[in-house]
Amino acid sequence: MSTSTHTPLATAPQASALAPGREQPPFLSCVLPCYNEAANLRLMLPQLEAFLNAGYPRWEVLMVDDGSRDDTAAVLTEWSAKPGFRALLLSRNFGKEAALTAGLDAASGKAVVLMDADLQHPLRYVSEMTLRWQRGADVVYAAREHREDEGLLKRAGANAFYSLINLGSPVKIPDNAGDFRLMDRAVVDAIKSLPERTRVMKGLYAWVGFRTEALPYSPDERAHGQTSFRPMKLAGLALSGLTAFTTWPLRVLSISGALIAFLAFAYGAFLTVDYLIYGADVSGWTTIVVLLLLFAGVQLLSVGILGEYLARVFDEVKARPVYLVRRRLGDDPSNAPE
């Protein structure tokens, strides 16, 4: 934690406009998941430090190294020696969802901001998120105004994912919402209480509920490097989200099975009646082979979908930790919150 002399936010609301229990401004925790972001961190961390010193009397920055292969760990080690900065070095690459979970577990602030370390999440939006939190919002998430900077395939995949995961689900995951958000301490504690190992954070944010507001934003250009998310990795994350937050694929299988069984019974009855009344010969091997191939394909598809759900159950039953910390930096008593 860092305590500093600061200049209040220029547009800070009057005390009468604050929601009960909301300080002005709050003790803010910033969680930064990092994977091969050394070059970006050297630019971002000085900006973040200046921003927090200017607007928040109490703050902390939690930097989570998700098994980076560059010198990200060295940068975090250097910065963790400064007041208000802490670092968690995970034992290997567990994925962004696990890194976010590690940061939330370690955060102590009254409000917690999640943001990427690649400079695409502008700090100016954190001020607006804070104002909305002070006025009563429990969650303020940044929603992209457009996806024109993304490829056609990625846009189509994102639209398909949100359409499928929200199909028939009582919990709606907002479109174009990412991890860039501010959450109240009550929301963070609620997410931390969820025991599942398959962490699809966008779904967990929506599932816990609370008073939520969207903040339209446009991301900045990435300063250095390229995103570590590849099409297959995104597809795997989407599949995890579908199996973790919706059961409609299983219902589709049940309905399809009942429909195919009914059609097969009706076709069998038709052939039987046709033979008994008209003495027509039953069609030969072509019909049988086509039907066998159809049913075999449906069965393999059904087994595959069931297997995905069973795999999630298998992961949960093993009860392995979501992440392992190799080293903690900056956790000395002088950095403990007051």
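Residues numbered from 1 in each chain as written. Predicted model: local features only at pLDDT ≥ 70, side-chain atom pairs only at ≥ 80, totals over all residues. Heavy atoms only, no water.

**Looking at the overall build of the chain**
1) Next: Secondary structure assignment for the chain yields 10 helices and 9 strands.
2) Next: The buried share of the chain, taken over its 338 residues, is 43%.
3) Next: Counting every atom, the chain has about 17500 Å² of accessible surface; 62% of that belongs to carbon and sulfur. (Helix = DSSP H or I, 4+ residues; strand = E, 2+ residues; numbered from the N terminus. Buried < 20%, exposed > 50% of the residue type's maximum accessible area, 1.4 Å probe, protein only. Areas by Shrake-Rupley, 256 points an atom, 1.4 Å probe, with all protein chains shown as cover.)

**A look at the packing of aromatic side chains**
To describe a pair of aromatic rings, you give the distance between the ring centres and the angle between the ring planes.
1) Next: Under the defined criterion, the tally for this structure stands at 5 aromatic pairs.
2) Next: Measuring from ring centre to ring centre gives 6.0 Å for F51 and Y56, while their planes differ by 55 degrees; the resulting arrangement is tilted. Taken individually, F51 and Y56 each receive the classification buried, so the pair is uniform in this respect.
3) Next: Note on Y125 and Y217: the rings are 5.6 Å apart at their centroids and 85 degrees apart in plane angle, and the pair reads as edge-to-face. Here Y125 is found in helix α4 (residues 124-134), whereas its partner Y217 is found in strand β8 (residues 212-217), with 92 residues between them in sequence. The residues Y125 and Y217 share a single accessibility class, namely buried. (Phe/Tyr/Trp six-rings, centres within 6.5 Å; stacked < 30°, edge-to-face > 60°.)

**Considering the side chain of D65**
1) Next: With respect to the helices and strands, D65 occurs in strand β3 (residues 58-65).
2) Next: No salt bridge is formed by the buried D65, whose closest oppositely charged neighbour, R326, lies at an N-O distance of 4.8 Å.
3) Next: For D65, the residues in contact, after removing those within four places along its chain, are C34, T72, A73, L76, L88, L89 and L90. (Lys, Arg positive; Asp, Glu negative; His and termini not counted. Salt bridge = Lys/Arg side-chain N within 4 Å of Asp/Glu carboxyl O. Contact = heavy atoms within 4.5 Å.)

**Comments concerning the pattern of salt bridges**
1) Next: What the rule picks out here adds up to 8 salt bridges.
2) Next: The salt bridge involving E60 is made with R86; its shortest N-O contact spans 2.9 Å. With E60 in strand β3 and R86 in strand β4 (residues 85-90), this residue pair connects regions lying 26 residues apart in the sequence. With respect to class, E60 is no different from R86; both count as buried.

**Looking at the environment of P216**
1) Next: Structurally, P216 is set in strand β8.
2) Next: Put simply, P216 and Y125 are 91 residues apart on the chain and 9.3 Å apart in space, counted from C-alpha to C-alpha.
3) Next: Those residues in contact with P216, other than ones at most four positions away along the chain, are Y125, A143 and E145.

**Concerning the pairing of strand β6 (residues 139-144)**
Regular strands have side chains that alternate between both faces of the sheet.
1) Next: Among the 6 residues that make up β6, 6 are buried, leaving the element largely enclosed by the rest of the structure.
2) Next: Neither face of β6 is exposed, since V139, Y141 and A143 on one face and V140, A142 and R144 on the opposite face are all buried.
3) Next: Pairing of β6 with strand β7 (residues 177-184), which is carried by 4 bridges, proceeds in the antiparallel orientation. Bridge assignment links V139 to a residue of β7, and that residue is M183.
4) Next: Here β6 pairs with β8 via 6 bridges, running parallel. Paired with Y141 across the two strands is A214, which belongs to β8. (Pairing = 2+ DSSP bridges.)

**Quick look at the nonpolar core**
A general feature of soluble globular proteins is that nonpolar side chains tend to end up buried together.
1) Next: Grouped together as the largest cluster of nonpolar side chains are 40 residues, with contacts concentrated most on L28, L32, L52, V61, M63 and F180.
2) Next: Looking at this core, the element that brings in the most residues is helix α1 (residues 38-55), giving 7 residues.
3) Next: Beyond its immediate stretch of four places on either side in the chain, L52 contacts L28, C30, W59 and V61.
4) Next: With 27 residues, the next largest nonpolar core counts L88, L90, V188 and L194 among its residues. (Core = buried A, V, L, I, M, F, W, Y, C linked by side-chain atoms within 4.5 Å.)

**Description of the packing of α1 against helix α2 (residues 72-79)**
In a pair of packed helices, the angle between the axes and the distance between the axes together describe the arrangement.
1) Next: Between α1 and α2, the least distance of the axes is 9 Å, while the angle of their chain directions is 20 degrees. Relative to α2, the element α1 lies roughly parallel. Here the hand of the crossing between α1 and α2 comes out right-handed. Packed against α1, whose contacting residues are A38, L41, R42, L45, P46 and E49, the element α2 presents T72, V75, L76 and W79 at the interface. (Axes fitted to C-alpha atoms, helices over the stretch in contact; angles between N-to-C directions. Parallel < 35°, antiparallel > 145°, perpendicular 65-115°, else oblique. Left-handed = near helix turned anticlockwise from the far one by under 90°.)

**Observations regarding a nonpolar patch on the surface**
1) Next: Among the surface-exposed residues, Y267, F270, L291 and L294 lie close enough to one another that they form a single nonpolar patch of about 370 Å² accessible area.
2) Next: For the nonpolar patch, the secondary-structure elements that each account for two or more residues are α9 (248-278) and α10 (285-318).
3) Next: Mapping Y267 onto the fold places it in helix α9. (Patch = residues over 30% accessible without salt bridge, like charges linked within 9 Å, V, L, I, M, F, W, Y side chains within 5 Å.)

**Some thoughts on α1**
Owing to its 3.6 residues per turn, the α-helix aligns residues three or four sequence positions apart on the same side.
1) Next: The end-to-end C-alpha distance of α1, which contains 18 residues, comes to 26 Å, matching closely the 26 Å that a straight helix rising 1.5 Å per residue would cover.
2) Next: The axis of α1 is deflected most strongly, by about 30 degrees, at M44, and proline P46 appears within four residues downstream.
3) Next: Among the residues of α1, A38, N40, L41, M44, L45, L48, F51, L52 and G55 are the ones counted as buried.
4) Next: Looking at the buried side of α1, the elements it contacts are β2 (28-34), β3, α2, β4 and α4. (Expected span 1.5 Å × (residues − 1). Bend = angle between axes of the 7 residues up to and from the residue.)

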